[in-house]
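# Coordinate inspection notes
Below, each chain spelled out in residue letters.
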Amino acid sequence: MSNSFPRPVSCPAKAFLMGEYAVLRGAPAWLAAVDVRATAYAPRASFGECEAVATPIVAAATDHVRRYLTGHARTFEAPAPSVDTARFHHGGRKLGLGSSAAVAAAVVGYYLRAAGLSVDDPEIRGVALRVATAAHREVQPRGSGADVAAAVLGGILRFEAGDAVAQDWPEGLVVGLVDSGAPASTPELVKRVLGARERDPAEHDRAISRIRAASERFGSALAAPDGGPSSRLDATRHACAEHNAALRTLSALSGAPLMTPALETIVRAAEGLSVAAKPSGAAGGDLAVVFADSQASLDRLAVRLLRGHGLALLGHVQIGAPGLREEALAPLSSRVRGFFAMGVASRRQRLTEATGIPSERFDELDAGGIDLSEAAHMIENVIGGLTLPLGVATNFRINGRDYFVPMCVEESSVVAAASNAAKMVREGGGFVAHADPPWMIAQVQLVGDDRDAGEVANVARGLRSELLARADAAHPRLVSRGGGARDVEVRVLDERNVVVHVLVDCRDAMGANLINTVAEAVAPTLERATGWRCVLRILSNLSDRRITRVTARVPVTALAGPGWSGADVAERIAAASHFADCDPYRAATHNKGIMNGVDAVVLATGNDWRAIEAGAHAFACRDGQYRPLATWSVQGDELCGDMQLPTAVGVVGGLTTTHRSAKVALDLLGRPSATELGRVIAATGLASNLAALRALATDGIQRGHMSLHARTLAFGAGAIGEEVDQVAEKLVSVGEIKPERAESLLRELRGQKS
Ligand code: MEV
């Protein structure tokens, strides 16, 4: 039996944990499936999708699965699939997560499912594995097949001589992936490294044996029942050190740059923090895998790498992802043509189709999200409510993932401008965003005059462990969710004032309440030990330990417009950025344009926009002069934007869990974590800035504003349906954009019709 409309089928990416290269000589290797998925799906004509171009791997997978199906008297008649691998990309670069294996397995799974076979059935998964492995080997003959096994079977695997066995992952060993900054070609590196054996077989074999030993040691550490986290991590660190030493030897023998400077930096930084690190896969600069005993240790490494070296932990990937599986929906694409021109009902319907959010949920938006009785419980002296429009920006792609971005804002053109800029950024691969772990600062002010302030500060520093323990004791549930106190910092403000900061990981909460409790919980210990009085105990809204950095690379051709070449526009935007950098008067307006996007998402998702505003502007002043949060420069034929923003937002607690519109907004974003929401907010801010600068640096802001303003006036005059555009166009063409003119034009239009 075959289905008339085949279901989408997806497969995960993989990370090599240990045993690369040696696996090709029969040694055991350890792999983890990673929740970055390739999805094969029937192209959706209603989304304007046409059939994808068949790459060699898609063609090979199609050919092999066709032979299997026809050889087993099954139908082979599904439409050729589109294959989505956007999540494997970061901006314009593809990460080394085994996309070709995931694509081969997803395509094979798609056709098996379309022929009526269940991809959950272990026997069919076995078929998928055999067929996808053969297809993959045809295109990449030197592969071990381990990555295809991870794509089909998922989870954590031990792979040896073609056999994959599922493994449990032990408690207390946390894994992360760090982007080491450069693309690497696995087939090319493997060819060079294997070829180098001829040069010095003994030395080559010794290096391979060291990797085999590292892999076996790692495997025993994972399996050891009573090893405990610290000895497990110790064994993993030794295994990584062995592995890295062997890679350096293979590098010297083959001339292939396996341990790049960035990889060596990651390894050194990890060693300094008792974390283990090694390249994942063929090495050569693409990804490093890091092992730690806790999320906190991993986060400390992430902070050090990002701030010290510009290297980012991929905060959005999880290991142990499920293997081949059927999906309810095709991958979400936020690129919807004509969304602007649709009516509200059609927009909601399109969002339902794309996201699977039931249409009734959108009906909840009609009432504005809360009713009067709920409002009366939120603040004091309530007399009513105030509703603002909630719109959706399209075209956003951030770290390879598409988003419909909910924006709550009263200013016309903000949503359209963000969507338009996101479309330009998409042409350069989309936004790339990295976030700090969600650390907030609790401040405790110590005041006194009977001791030297430096001495008081030293006493406070000596209390580090006790303060961290007291902070954790104030929030046992936060600690059990992986958050908790991370560090203590002490500053002398003047001879009578010392301030103590306790840094706390708030996980998915914005954290204001958590942090205030911590500040109050640690204060008595500080007073007792220092003899000084604690006056204020409160969070800092300058949340500069919770920064999101977002970048965008826009091909200059995407910036061109009537009368303007892309190169000219790019130069003018860079000049506008420089203006803001030199002049606080301009920087304030530049940042206002950024906050148009930022606040709209913060508000839509029920977060505290005053906190975000306070943090953003204090951060903009961090070197003593108020400066632009985002800057733009021309690099070759690209316009490159870069922004850092404190993003103290949450997805649990407060309005995020009580306000119905905020809940719909978070559902639209796919129920993100707080750090993921921070990435979306920062990207929307950068998009708003790009749109504003492009308009300002070319035709000026008024032209676009006026046509949108004309629509608002037409609507205000009572125009409905297509009358809105007709009246607006007329208003712009007569050059008189005024309410009374809108009313008279509407009367004229209706008179003509009748
Ligand atoms: C208007 O809301 C925002 C702008 O003034 C921002 C800017 O000048 O960059 C257009």
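Here we summarise the structure given alongside this text. Remember, it's a predicted structure, so these values are computed and weren't measured experimentally. (Residues numbered from 1 in each chain as written. Predicted model: local features only at pLDDT ≥ 70, side-chain atom pairs only at ≥ 80, totals over all residues. Heavy atoms only, no water.)

### Side note on the sheet that holds strand β15 (residues 432–435)
Quick reminder of the rule: Two strands pair if DSSP finds at least two bridges between them. Secondary structure elements are taken from DSSP: a helix is a run of H or I of four residues or more, a strand is a run of E of two residues or more, and numbering for both begins at the N terminus. Axes here mean lines fitted to C-alpha atoms, for a helix over just the part in contact, with angles spanning 0 to 180 degrees between N-to-C directions. It only takes one pair of heavy atoms within 4.5 Å for two residues to be counted as in contact.
Reading across from one edge, β15-β20-β22-β21 is the order of the 4 strands in this open sheet, with antiparallel pairing throughout. Whereas interior strands pair on both sides, the edge strands pair on one side only; in this sheet they are β15 and β21 (630–635). The sheet shows a mean angle of 15° between the axes of neighbouring strands, direction not considered. Most of the contacts of helix α20 (residues 609–620) go to strand β22 (residues 638–646), to which it runs at about 115°, and overall it touches β20 (547–555) and β22. Sitting on the sheet, helix α23 (residues 674–696) is in contact with β15, β20, β21 and β22, with an inclination near 45° to β20.

### Quick notes on the site of the ligand
Cut-off, in case you're wondering: One heavy atom within 4 Å of a molecule or strand is enough for the residue carrying it to be called near that molecule or strand. As used in this structure description, the phrase polar contact means that two N or O atoms lie within 3.5 Å; if the pair is within protein, one of them must be able to donate a hydrogen and the other to accept it, and residues adjacent in sequence are counted only when both atoms belong to side chains. Residue burial considers only the protein chains on display, and all accessible areas are found by Shrake-Rupley using a 1.4 Å probe.
Taken together, Glu411, Arg586, Thr589, His590, Lys592, Gly593, Asn596, Ala692, Leu696 and Ile701 are the residues near the ligand. Between Lys592 and the ligand, the recorded distance is 2.7 Å, taken from a side-chain N or O atom to an oxygen atom. Within the contact set of the ligand, an oxygen atom lies 2.9 Å away from a side-chain nitrogen or oxygen of Asn596. When the ligand is considered free in solution it has 300 Å² of accessible area, and contact with the protein chains removes 85% of it.

### Some details on the environment of Trp30
The criterion, for reference: Accessible area is worked out with a 1.4 Å probe on protein chains only. A residue is then buried under 20% of its type maximum, exposed over 50%, and partly exposed in between.
Within the element layout of this structure, Trp30 appears in strand β2 (residues 29–41). On the basis of relative accessibility, which here comes to 4%, the residue Trp30 falls in the buried class. When the C-alpha positions of Trp30 and Ile156 are compared, they lie 7.4 Å apart, and in sequence the two are 126 residues distant. For Trp30, the residues in contact, after removing those within four places along its chain, are Ala15, Phe16, Leu17, Met18, Leu157, Arg158, Gln167, Ser215, Phe218, Gly219 and Leu222.

### A closer look at the nonpolar core
The following threshold applies: To define a nonpolar core, start from buried Ala, Val, Leu, Ile, Met, Phe, Trp, Tyr and Cys residues and group those joined through side-chain atoms within 4.5 Å.
In terms of nonpolar packing, the biggest core is built from 75 residues, with Leu112 and Phe291 touching the most fellow members. Among the elements that make up this core, the one with the highest residue count is helix α2 (residues 99–114) (12 residues). Apart from residues lying up to four places away in sequence, Leu112 is in contact with Val65, Tyr68, Leu69, Leu117, Ile124, Val127 and Ala128. Counting residues in hydrophobic clusters, the runner-up holds 60 residues, among them Val409, Val601, Met643 and Leu645.

### Considering the pattern of salt bridges
Formally: Think of a salt bridge as a Lys or Arg side-chain nitrogen and an Asp or Glu carboxyl oxygen that are within 4 Å of each other.
In the structure shown here, the tally under the stated rule is 44 salt bridges. Across the salt bridge formed by Asp505 and Arg486, the nearest N and O atoms sit 3.7 Å from each other. Of the two residues, Asp505 is situated in strand β18 (residues 497–505) and Arg486 in strand β17 (residues 484–494); the sequence distance between them amounts to 19 residues. Put simply, Arg549 and Asp642 hold a salt bridge, and the shortest N to O gap is 2.5 Å. You can see Arg549 sitting in strand β20 and its partner Asp642 sitting in strand β22, a full 93 residues away along the chain. Judged by its relative accessible area of 24%, Asp642 falls in the partly exposed class. One salt-bridge network, in which partners are shared between bridges, spans Asp299, Arg486, Asp505 and Arg507.

### Quick notes on helix α26 (residues 739–753)
Note that an α-helix has 3.6 residues per turn; residues three or four places apart therefore point the same way. Keep this limit in mind: A helix is expected to span 1.5 Å multiplied by its residue count minus one.
With 15 residues, α26 should cover 21 Å at 1.5 Å per step; its first-to-last C-alpha distance of 21 Å lies within 8% of that length. Among all positions in α26, only Ala742, Ser744, Leu745, Leu746 and Leu749 are buried. Against the buried residues of α26 lie α24 (701–716) and α25 (723–734).

### Describing unusual backbone geometry
We note that Ala73 has phi near 55°; this positive angle belongs to a residue other than glycine. Take Ala73: it is sitting in the loop between α1 (56–71) and β3 (82–84). The phi torsion at Ser274 lies on the positive side, around 55°, for a residue other than glycine. Within the secondary structure, Ser274 is located in the loop between α8 (261–272) and β9 (276–279).

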